[in-house]
Amino acid sequence: MPSKSHFRWGILGPGSIAKQFARGLSASLEAELRAVAGRSLARSEAFAAEFKIPKTYASADELLADPEIDAVYIATPHPFHLPLVLSACAAKKAVLCEKPLTPNAQGTLQAVAAAKQHGVFLMEALWTRFLPAIVQALAWISDGRIGEPRLLEASFGFRMGWEPESRLLAPELAGGSLLDVGIYPLALAAWVFGTEPTALKAVGHVGLTGVDEQAALVLSYPRGELAVVNSAVRTNTRHVATIYGTEGSVTLREPWWKATEVTLSANGTEETLKFEFRANGYEYEADEVQRSVRAGKLESALVPHATSIALARMLDSAREQLGVKYPFEA
Ligand SMILES: NC(=O)c1ccc[n+]([C@@H]2O[C@H](COP(=O)([O-])OP(=O)(O)OC[C@H]3O[C@@H](n4cnc5c(N)ncnc54)[C@H](OP(=O)(O)O)[C@@H]3O)[C@@H](O)[C@H]2O)c1
């Protein structure tokens, strides 16, 4: 159990998103960023110096053996999440693991089983769910302010340069738009309509490296609701999300996945609310982990294991329809 005053974090994978998370943690009075480990001691030391982290370990195993770590944040490329989740669970550390939790549903089921077996907290780092603007949007929807939600549109696409070796395009690193950014609009659809679409149809473009450079998905739900979502890593798109209901709509302004502004349009009027992050938005997912662990929970009520499993199944289905298979998949 974490000490009363501090919740002690270790970071595994000191890359670009880990820097953002470290900045987010600085806005949590309770959090203490205590250790970092990656594959290179020199890179981890540079990261530790930048964020004033007292301990640097030469390997994940050494960090996981530190009894003064309460939780780890896993921020390596997708295929290396699962082995670290398994080790962290065995070491009895609470785990916040970057999205996608693993590259496919088989791995996600393994991760969840390990957390249950060892009785530790595990959450996929779907940080968007905890942002105040998203919380507000979902509250308006569940309070019936737009009537019945019927249709959701959301995009997340950006144009990267032609870097076939990069984690975003390399099949051995589980590249492609679906796993990198498509998971965000799929998750938004799950938060609005639930995790059990009745159908999921996907089309997309598979580029020269064999991963999806862009994809468009349509999902239908039991009462005829629809989600129309798309993702891209080689095309810039707008980053707006709108949920249309029978009596109005809710719009999350660009970029919706880190929204600070949300508009309710209903009954001929518009109401816009703006929110300031305490730091950069990543502090809210850290708060959720800390709160949940202190309450003795093994999963988050807002991003439970079932959501991660459902999202992984949807991504599997979309990749199968596009014909994208990773080399490490049998
Ligand atoms: N939540 C978000 O907003 C968000 C945004 C971007 C990315 N992500 C997720 O975060 C994860 C990391 O993305 P990133 O953009 O931060 O990647 P990145 O910049 O490449 O960082 C990944 C880090 O993992 C470490 N690592 C450990 N084992 C590795 C291995 N076998 N191969 C390569 N690197 C390894 C590397 O540090 P060493 O070389 O020192 O070991 C590297 O710095 C991805 O799963 C991605 O989906 C989330």
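Fair warning: this is a prediction, and the values are worked out from it, not measured in the lab.

S.K.: Mind showing me how you'd approach the sheet that holds strand 7 (residues 149–157) here?
M.R.: Strand pairing in a sheet relies on backbone hydrogen bonds. The paired strands run either parallel or antiparallel. Spatial strand order, 8-9-10-7-11-12-13-14: eight strands in an open sheet with mixed pairing. A single partner strand is all that each edge strand has here, and the edge strands are strand 8 (199–206) and strand 14 (269–274). Between one strand axis and the next, the sheet turns through 10° on average, direction left out of account. When strand 11 (residues 241–245) meets strand 12 (residues 248–252), the two strands line up antiparallel, connected through four bridges. Paired with Ala241 across the strands is Leu252, a residue of strand 12. Those strands touched by helix 6 (residues 132–142) are strand 7, strand 11, strand 12, strand 13 (261–266) and strand 14, and its axis lies near 20° from that of strand 13.

S.K.: Any chance you could explain the sheet that holds strand 6 (residues 122–124) here in plain terms?
M.R.: Strands sit in the order 3-2-1-4-5-6 across an open sheet of six strands; the sheet is parallel. Both edges of this open sheet fall to strand 3 (55–57) and strand 6, since each of them pairs with a single strand only. Across the sheet, the mean angle from the axis of one strand to that of its neighbour is 25°, orientation sign disregarded. Pairing analysis gives four bridges linking strand 1 (residues 7–12) to strand 4 (residues 71–74), with the strands arranged parallel.

S.K.: Which parts of the structure should I look at to understand the side chain of Arg129?
M.R.: Here Arg129 is to be found in the loop between strand 6 and helix 6. Lacking a salt bridge, the buried Arg129 has Glu288 as its closest oppositely charged neighbour, with an N-O distance of 8.3 Å. The residues contacting Arg129, other than those within four sequence positions of it, are Ile134, Val135, Leu138, Trp191, Leu302 and Val303.

S.K.: I would appreciate a short explanation of the packing of aromatic side chains in the present structure.
M.R.: Two descriptors summarise a pair of aromatic rings, namely the distance from one centre to the other and the angle between the planes of the rings. According to the stated counting rule, one finds eleven aromatic pairs in the structure shown. Between the aromatic rings of Tyr184 and Trp257, the centroid separation amounts to 6.3 Å while the plane-to-plane angle is 55°, which identifies the pairing as tilted. With Tyr184 in helix 7 (residues 177–193) and Trp257 in the loop between strand 12 and strand 13, this residue pair connects regions lying 73 residues apart in the sequence. Comparing Tyr184 with Trp257 shows no difference in burial state: the two are buried. Each residue in the set Phe7, Trp9, Phe21 and Tyr73 is aromatic and connected to the rest through ring pairs, giving one cluster.

S.K.: Sorry, what's going on with the packing of helix 5 (residues 105–118) against helix 9 (residues 305–322) here?
M.R.: Helix 9 packs onto helix 5 with a crossing angle of 165° between their chain directions and a minimal axis gap of 8 Å. Our classification of the angle between helix 5 and helix 9 gives roughly antiparallel. Handedness of the helix 5/helix 9 crossing: left-handed. Here Ala105, Thr108, Leu109, Val112 and Lys116 of helix 5 lie close against helix 9, whose contacting residues are His305, Ser308, Ile309, Ala312, Arg313 and Asp316. When grouped by side-chain class, the residues that make up the contact of helix 5 with helix 9 number five nonpolar, three polar and three charged.

S.K.: Is there a simple way to explain the site of the ligand in this structure?
M.R.: Taken together, 22 residues lie around the ligand, and Arg39, Arg43, His78, Lys99 and Tyr282 are the ones closest in. Contact distances for the ligand include 3.2 Å between a nitrogen atom and a side-chain N or O atom of Glu98. For the ligand, an oxygen atom lies 2.7 Å from a polar atom in the side chain of Tyr282. Surface burial for the ligand is 81%, taken as the share of its 880 Å² of free accessible area covered by protein chains. Those elements giving two or more residues to the shell around the ligand turn out to be helix 1 (16–25) and helix 7. Here the shell around the ligand is built from residues that sort into eight nonpolar, eight polar and six charged.

S.K.: What am I meant to see in the pairing of strand 2 (residues 31–37) here?
M.R.: In the case of a regular strand, side chains alternate between the two sheet surfaces. In terms of burial, strand 2 is a largely internal element, six of the seven residues being buried. One ladder, built from six bridges, connects strand 1 with strand 2; its direction is parallel. Paired with Arg8 across the two strands is Glu32, which belongs to strand 2. Between the parallel pair strand 1 and strand 2, the chain is carried across by helix 1, and the sense of this crossover is right-handed.

The rules we used
- Residues numbered from 1 in each chain as written.
- Predicted model: local features only at pLDDT ≥ 70, side-chain atom pairs only at ≥ 80, totals over all residues.
- Heavy atoms only, no water.
- Pairing = 2+ DSSP bridges.
- Helix = DSSP H or I, 4+ residues; strand = E, 2+ residues; numbered from the N terminus.
- Axes fitted to C-alpha atoms, helices over the stretch in contact; angles between N-to-C directions.
- Contact = heavy atoms within 4.5 Å.
- Buried < 20%, exposed > 50% of the residue type's maximum accessible area, 1.4 Å probe, protein only.
- Lys, Arg positive; Asp, Glu negative; His and termini not counted.
- Salt bridge = Lys/Arg side-chain N within 4 Å of Asp/Glu carboxyl O.
- Phe/Tyr/Trp six-rings, centres within 6.5 Å; stacked < 30°, edge-to-face > 60°.
- Parallel < 35°, antiparallel > 145°, perpendicular 65-115°, else oblique.
- Left-handed = near helix turned anticlockwise from the far one by under 90°.
- Nonpolar A, V, L, I, M, F, W, Y, C, P; charged D, E, K, R; others polar.
- Near = heavy atom within 4 Å.
- Polar contact = N/O pair within 3.5 Å; in protein donor to acceptor, adjacent residues only side chain to side chain.
- Areas by Shrake-Rupley, 256 points an atom, 1.4 Å probe, with all protein chains shown as cover.
- Right-handed = clockwise from strand over helix to strand, strands pointing away.

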